[in-house]
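Each chain is listed here by its residues.
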Amino acid sequence: MKKITILSLFALLFVVSSTYAQKGFQLGIKGGVTFNQITTDAGSLGKNISQSYDTKTGYVVGVWGRFGDKVFLQPELLLAQKGGTIDIQNVGKVKFSYSNLDVPVLVGFRVLKIFRVNAGPVATFKLSEDQKLKDALKGLTTNDEAIKNASFGYQLGVGVKLLGINLDLRKVGSLSEISALNMSSNQFKDSGWQFTVGFKII
């Protein structure tokens, strides 16, 4: 099911780019790094689990499309590695990671031709996760997975185009629960920063 969803999203972006290539549509590729942190409100397990201020460095790669000029709509398909650290009583700090397919749909506008600001919602689909968090919580949950298969978030940031290269810095984070552990409500959310370098190909 995950593979079908991913292939469908890439196929849709390809069809849209082909349709609008002659109407001011742009298509490009991008890659960079993420700096992610997990926040938690563990509810009844507050004495057992607390958040850490440690960050997880990961990667992000993908494609972007852009409709419009001064005011534009920018959908993207991004493969992003994220993660964080949770401090568990009697266990210590547990650093874990997971990979997502992020699908942001951003609205932006240009400032002085080379500067951009943009913001919008992100649909996130989990592709994989390591077992570190689940293994550390064996006595507290019976779930087979620690991270939900789908969640929603946001991205907002600024960008600049220099010598044909797009540089972007964004604040990213989740708006919905990302944990699949079913231990309490409002349990885990992620937030961080994303820096990317992009190139226009169409």
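Residues numbered from 1 in each chain as written. Predicted model: local features only at pLDDT ≥ 70, side-chain atom pairs only at ≥ 80, totals over all residues. Heavy atoms only, no water.

Asks: It is not clear to me how the confidence of the model for the protein should be interpreted in this structure. Could you clarify?
Replies: Detailed reading of predicted coordinates is not advised where the pLDDT is low. When pLDDT is averaged along the protein, the result is 85, and 83% of the positions lie at 70 or above. This stretch, residues 15-22, has a pLDDT under 50; its non-local contacts, to residues over four places away or in other chains, come to 7 contacts. (pLDDT = per-residue confidence, 0-100. Contact = heavy atoms within 4.5 Å.)

Asks: What's the story with the packing of aromatic side chains in this structure? I'm lost.
Replies: Applying the stated criterion to the full structure yields 2 aromatic pairs. Measuring from ring centre to ring centre gives 6.4 Å for phenylalanine 96 and tyrosine 98, while their planes differ by 25 degrees; the resulting arrangement is stacked. Each member of the pair, phenylalanine 96 together with tyrosine 98, is buried. A cation sits over an aromatic face here: arginine 66 above phenylalanine 72, 5.2 Å from the ring centre. (Phe/Tyr/Trp six-rings, centres within 6.5 Å; stacked < 30°, edge-to-face > 60°. Buried < 20%, exposed > 50% of the residue type's maximum accessible area, 1.4 Å probe, protein only. Lys NZ or Arg CZ within 6 Å of the ring centre and 35° of its normal.)

Asks: Hey, could you run me through unusual backbone geometry in this one?
Replies: One can expect most non-glycine residues to show negative phi and most peptide bonds to be in trans. Of note in this structure, lysine 113 is not a glycine but carries a positive phi near 70 degrees. Here lysine 113 is to be found in the loop between strand S5 (92-111) and strand S6 (115-129). We note that leucine 163 has phi near 55 degrees; this positive angle belongs to a residue other than glycine. What makes leucine 163 exposed here is its relative accessible area of 88%. (Helix = DSSP H or I, 4+ residues; strand = E, 2+ residues; numbered from the N terminus.)

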